[in-house]
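Report on the structure
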Amino acid sequence: MDYYDQHVHTDFSFDSDEKMAAYLKLAGENFVSTEHLDFKAKDDKSGDDLFDYDAYSREIKRLEKESGKHIFKGVEIGYFAGREADIHAYLKQHAFDIKLLSFHRSAEYDFSDNMISQMDPLEVTDKYYRLMWKGINAFHDADVLAHFDYGVRNLNLTSGMFETTAGVLLANILKLAVRYNMAFELNTTSMYKYHNIGLYDYAIEIYKQLGGKRYTIGSDAHEANSYMNNYENAVEMLKAHDIHHVNVYRKNAMVVVPLDDVDEGIKY
Ligand SMILES: [Zn+2]
């Protein structure tokens with residue numbers, strides 16, 4: 001089996017207009033989308049960013065029939081402090097093949113907001129990883145820790161600055177991820193669009209040293225032409241860290257796909 005992108009958004013996510021069918025034209029035998037589930041503050045007038053699970057399931061069924069491909073169901077859980085019960089309740093009621101755990105927003109702002117660049121980068125970094133520590137304790141049954149660097153994408157931190165500010169926190173977070181078998185995501189948007197390759201080199205090594213053995217590669221595509229973006233580069237990075245497999249998720253199963261000879265990978 002070949003690897004396929006484990007972080008993809010379609011128009012079921014609030015911030016994508018892309019049809020699932022457009023991705024399917026590019027996909028092999030297997031495809032998964034990971035749609036946003038973002039609960040916000042209860043008094044936030046913009047409302048929670050959820051998606052219509054029933055419509056999502058119907059569209060998958062329709063496209064499976066039409067294309068003959070396997071389509072898996074995924075969710076990107078955007079942790080929000082204070083909404084843990086609602087997130088747990090949603091996940092209990094809706095089945096997914098893969099659950100990504102992400103950290104996008106604090107009570108005051110989304111970490112990708114422009115205002116972040118006006119703030120003290122070390123303060124933002126500290127705040128972001130404290131939030132992640134809180135959230136991963138609540139949701140370590142997710143499959144994947146997605147873009148661990150989302151909150152610092154725009155801060156231009158050197159690995160040294162990062163380590164001084166967040167090194168201890170991140171090590172504790174990754175320790176928990178390893179303990180609960182969560183995969184580490186190589187998010188190619190972070191790595192190549194936001195130039196955070198250095199932070200990925202740093203974090204992969206810590207995760208690996210702590211005994212972490214699961215890795216996914218996700219483009220974080222919001223449109224079909226970003227599907228599998230920079231996949232080969234991410235593979236090269238894993239190999240440079242002496243890691244020779246990636247992982248694929250489907251319900252109650254985690255598949256190891258060897259990188260050295262992907263075509264000779266696990267067959268079904
Ligand atoms: Zn995403």
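Residues numbered from 1 in each chain as written. Predicted model: local features only at pLDDT ≥ 70, side-chain atom pairs only at ≥ 80, totals over all residues. Heavy atoms only, no water.

Side note on the overall build of the protein chain
Along its length, the protein chain carries 8 helices and 8 strands. The C-alpha atoms of the protein chain give a radius of gyration of 18 Å, which matches the 18 Å a tight globule of 268 residues would have. C-alpha extents for the protein chain along the principal axes are approximately 50 × 45 × 30 Å. Counting only residues that meet the buried cut, the protein chain has 54% of its 268 residues in that class. For the protein chain, the separation between the mean place of its 29 positive charges and that of its 44 negative charges on side chains is 6 Å. (Helix = DSSP H or I, 4+ residues; strand = E, 2+ residues; numbered from the N terminus. Rg over C-alpha atoms; globule rule 2.2 N^0.38 Å. Buried < 20%, exposed > 50% of the residue type's maximum accessible area, 1.4 Å probe, protein only. Lys, Arg positive; Asp, Glu negative; His and termini not counted. Charge placed at Lys NZ, Arg CZ, Asp CG, Glu CD.)

Regarding the coordination of the zinc ion
Protein coordination at the zinc ion comes from His7 (NE2), His9 (NE2), Glu76 (OE) and Asp220 (OD), with a distance range of 2.0 to 2.4 Å. For the zinc ion, the 4 donor atoms in the first shell make angles of 80 to 174° at the metal, a pattern classed as irregular. Positions of the donor residues of the zinc ion, expressed as sequence spacing, correspond to H-x1-H-x66-E-x143-D. Owing to a relative accessible area of 0%, His7 belongs among the buried residues under this scheme. (Donors = N, O, S within 2.8 Å, 3.2 Å for Na, K, Ca; no water. Tetrahedral: all angles 85-135°; square planar, octahedral: opposite > 155°, others 65-115°.)

Some thoughts on empty space enclosed by the protein
Rolling a probe over the atoms, with the probe sized like a water molecule, indicates the empty space that remains. In this structure the tally under the stated criterion is 1 cavity of 30 Å³ or more. Across the lining of the largest cavity, the residue classes tally to 3 nonpolar, 4 polar and 1 charged. (1 Å grid on protein atoms, 1.4 Å probe; cavity = no way out; pocket = protein on both sides within 12 Å on 5 of 7 lines; lining within 4 Å. Points joined across faces, edges and corners; volume = space filled by probe spheres on them. Nonpolar A, V, L, I, M, F, W, Y, C, P; charged D, E, K, R; others polar.)

Observations concerning the confidence of the model for the protein chain
Should pLDDT be low for a region, the predicted coordinates there are not to be read in detail. Looking at the protein chain as a whole, the pLDDT averages 94, with 97% of positions reaching at least 70. Confidence over residues 262-268 falls short of pLDDT 50; this stretch has 14 contacts with residues more than four positions distant or in other chains. (pLDDT = per-residue confidence, 0-100. Contact = heavy atoms within 4.5 Å.)

Let's talk about the pairing of strand β6 (residues 215-218)
Residues Tyr215 and Ile217 point to one face of β6 and Thr216 and Gly218 to the other, with burial holding for every one of them. Looking at chain direction, strand β5 (residues 183-187) and β6 are connected through 4 bridges and run parallel. Looking at the pairing, Phe184 lines up with Tyr215 of β6. (Pairing = 2+ DSSP bridges.)

Observations concerning the sheet that holds strand β2 (residues 70-78)
Through backbone hydrogen bonds, the strands of a sheet pair up, either in parallel or in antiparallel fashion. The parallel open sheet is built from 6 strands, whose spatial order is β1-β2-β3-β4-β5-β6. For this open sheet the edge positions go to β1 (30-38) and β6, each flanked by a neighbour on one side alone. Strand direction decides the pairing type here: strand β3 (residues 98-102) and strand β4 (residues 144-145), joined by 2 bridges, are parallel. By the bridge assignment for β4, Leu100 is matched with Val144. Seen against the sheet, helix α3 (residues 84-93) touches β1, β2 and β3 and runs at an angle of roughly 170° to β2. Running at roughly 155° to β6, helix α8 (residues 231-240) makes contact with β5 and β6 of the sheet. (Axes fitted to C-alpha atoms, helices over the stretch in contact; angles between N-to-C directions.)

A few points about the pattern of salt bridges
Within this structure, the stated rule accounts for 11 salt bridges. Among the ionic pairs, Asp48 bridges to Arg83, the shortest N-O distance being 3.2 Å. Placement of the pair is Asp48 in the loop between β1 and α2 (53-67) and Arg83 in the loop between β2 and α3, with a sequence separation of 35 residues. Given a relative accessible area of 7%, Arg83 falls into the buried group. Put simply, Lys127 and Glu108 hold a salt bridge, and the shortest N to O gap is 2.4 Å. Of the two residues, Lys127 sits in helix α4 (residues 121-138) while Glu108 sits in the loop between β3 and α4, which places them 19 residues apart along the sequence. (Salt bridge = Lys/Arg side-chain N within 4 Å of Asp/Glu carboxyl O.)

Comments concerning the pairing of β1
The buried fraction of β1 is high, at 9 of 9 residues. The pairing of β1 with β2 spans 9 bridges and is parallel. Counterpart to Glu35 in the pairing with β2 is Val75. In this fold, β1 hands off to α2, which returns the chain to β2; that crossover is right-handed. (Right-handed = clockwise from strand over helix to strand, strands pointing away.)

Things to note about unusual backbone geometry
With a phi close to 65°, Asp220 is a non-glycine residue in the positive phi region. Residue Asp220 is classed as buried on the basis of its relative accessible area, which comes to 9%. One non-glycine residue with positive phi stands out, namely Met228, at about 60°. Considering the arrangement of structural elements, one finds Met228 in the loop between β6 and α8.

Thoughts on the nonpolar core
Ranked by internal contacts, the top residues of the largest apolar core, which has 88 residues, are Tyr129, Phe148, Phe162, Phe184 and Leu186. It is helix α5 (residues 159-179) that provides the largest number of residues to this core, a total of 9 residues. (Core = buried A, V, L, I, M, F, W, Y, C linked by side-chain atoms within 4.5 Å.)

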